[in-house]
Amino acid sequence: MVLKRILSGMRPTGKLHLGNLHGALGNWVELQNSGKYDCFYFVADWHAFTSEYSTTEGIKDNAVNMVIDWLAVGLDPQKSTLFVQSAIKEHAELFLLLSMITPLAWLERNPTYKEMKTELANKDLSTFGFLGYPVLQAADIIMYKAYGVPVGVDQLPHVELTREIARRFNFLYQEIFPIPEPLLTGVPKLLGIDGRKMSKSYDNSIYISDCGKVLSEKISSMFTDPQRMRKSDPGNPEICNVFTFHGLYSTQETVKEIAAGCRSASIGCTDCKKMLAQRITSAMTPIHERMNYYNNHLDEVAGVIVDGNRKAAQIASRTMEEVRAAVKI
Ligand code: TRP
Ligand code: SF4
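All values derive from a computational prediction rather than experimental measurement. (Residues numbered from 1 in each chain as written. Chains lettered and ligands numbered in written order. Predicted model: local features only at pLDDT ≥ 70, side-chain atom pairs only at ≥ 80, totals over all residues. Heavy atoms only, no water.)

K.L.:
I would appreciate a short explanation of helix H3 (residues 59-73) in the present structure.
P.N.:
Helical geometry: 3.6 residues make up each α-helical turn, so side chains three or four residues apart lie on a common side. Taking 1.5 Å of rise per residue, 15 residues should cover 21 Å, and H3 covers 21 Å from first to last C-alpha, within 8% of that figure. One or two positions beyond H3, positive phi appears at Gly74, with a value near 120°. (Helix = DSSP H or I, 4+ residues; strand = E, 2+ residues; numbered from the N terminus. Expected span 1.5 Å × (residues − 1).)

Structure follows, in structure tokens:
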């Protein structure tokens, strides 16, 4: 049976946090383990350049560390192809050809583009490369003739653009590319320790690599139900971020006990948080052990990447032969 191919990427802009783990990354692992798909996951290091072009020194190390995080949380190179975008030069060639047929207006009206420009107002993003971000992403996706692209809602406009670009290519030259579907992750956005969306740029994240004192201090500083000033005040777990995390890390029974104890003011936030720190610690211990292992076996990580790159390169090279024939160059 031929498995349907799916493809997704992540920019290597720093260590991954629990929001990434319960969002995109967790979904990647699930799709891999479902056995239903031929999974391609890659490090979008050229995409990192679109916003980090003036401080590029961290990108290479981040790329390796990100693959270590992936392996530690359960991506398995026996099941998924893990590769690095910049190793497959065909992405740049396809990007160039697609840029010829992509109307500027499609890029200028892209909501993610407008949003990111405002969000990263401290960086000068009035560049050709940044505007062309979705064209490179389209090249990433259609290069592998992916049927599905597992992404969060924020990436939907990019996948939509990919579909339009692929249709345009097929129309102008030859029907080479299937039109990819977004595979939406159903996971809600996790909040950070300050109650805003968990994000590296807000400095409010719990990282997958956090352990020991760092982890327990972050958890003890988490915002809770603001009405619960004293232990004797009854709380409302529904609006408490600590409780959301318990939902992910504690047993159903504990979650029920906490909800009741919080509402009746029989447990205090300090104890509630201590329990959470313990739960997260034990869930993370095997992940940290694998992380340690890979950090001490960097050659193995490099080997995984070389193998993945080789598999990706084979497909990319075949696709580009078809593309060159179709565009008659
Ligand atoms: N833009 C994606 C992000 O910021 C990363 C990405 C690059 C990607 N190329 C891709 C995701 C192709 C899916 C498919 O998360
Ligand atoms: Fe939140 Fe727990 Fe405090 Fe209730 S007891 S407000 S769930 S931290």
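K.L.:
What exactly am I supposed to notice about empty space enclosed by the protein here?
P.N.:
Rolled over the atoms, a probe as big as a water molecule pinpoints where empty space is left. Following the criterion strictly, the structure yields 2 cavities of 30 Å³ or more and no others. Its boundaries defined by the atoms lining it, the largest cavity holds a volume of some 100 Å³. Here the element with the most residues in the lining of the largest cavity is helix H13 (residues 269-296); it accounts for 3 residues. As a volume, the second largest cavity reaches approximately 40 Å³. Lining the second largest cavity, in full, are Asn110, Thr112, Tyr113, Met116, Phe130, Tyr133, Pro134 and His158. Per-element tally for the lining of the second largest cavity: the top contributor is helix H6 (residues 111-119), with 3 residues. Here the residues of the lining of the second largest cavity are counted per class, giving 5 nonpolar, 3 polar and no charged. (1 Å grid on protein atoms, 1.4 Å probe; cavity = no way out; pocket = protein on both sides within 12 Å on 5 of 7 lines; lining within 4 Å. Points joined across faces, edges and corners; volume = space filled by probe spheres on them. Nonpolar A, V, L, I, M, F, W, Y, C, P; charged D, E, K, R; others polar.)

K.L.:
How should the pairing of strand E3 (residues 80-84) be read in this particular structure?
P.N.:
Within a regular strand, side chains alternate between the sheet's two faces. For E3, the tally of buried residues reaches 5 of 5 residues, placing the bulk of the element in the interior. By the alternation rule, side chains of E3 split into Ser80, Leu82 and Val84 and Thr81 and Phe83, which are all buried. Here strand E2 (residues 37-43) pairs with E3 via 5 bridges, running parallel. Paired with Val43 across the two strands is Val84, which belongs to E3. (Buried < 20%, exposed > 50% of the residue type's maximum accessible area, 1.4 Å probe, protein only. Pairing = 2+ DSSP bridges.)

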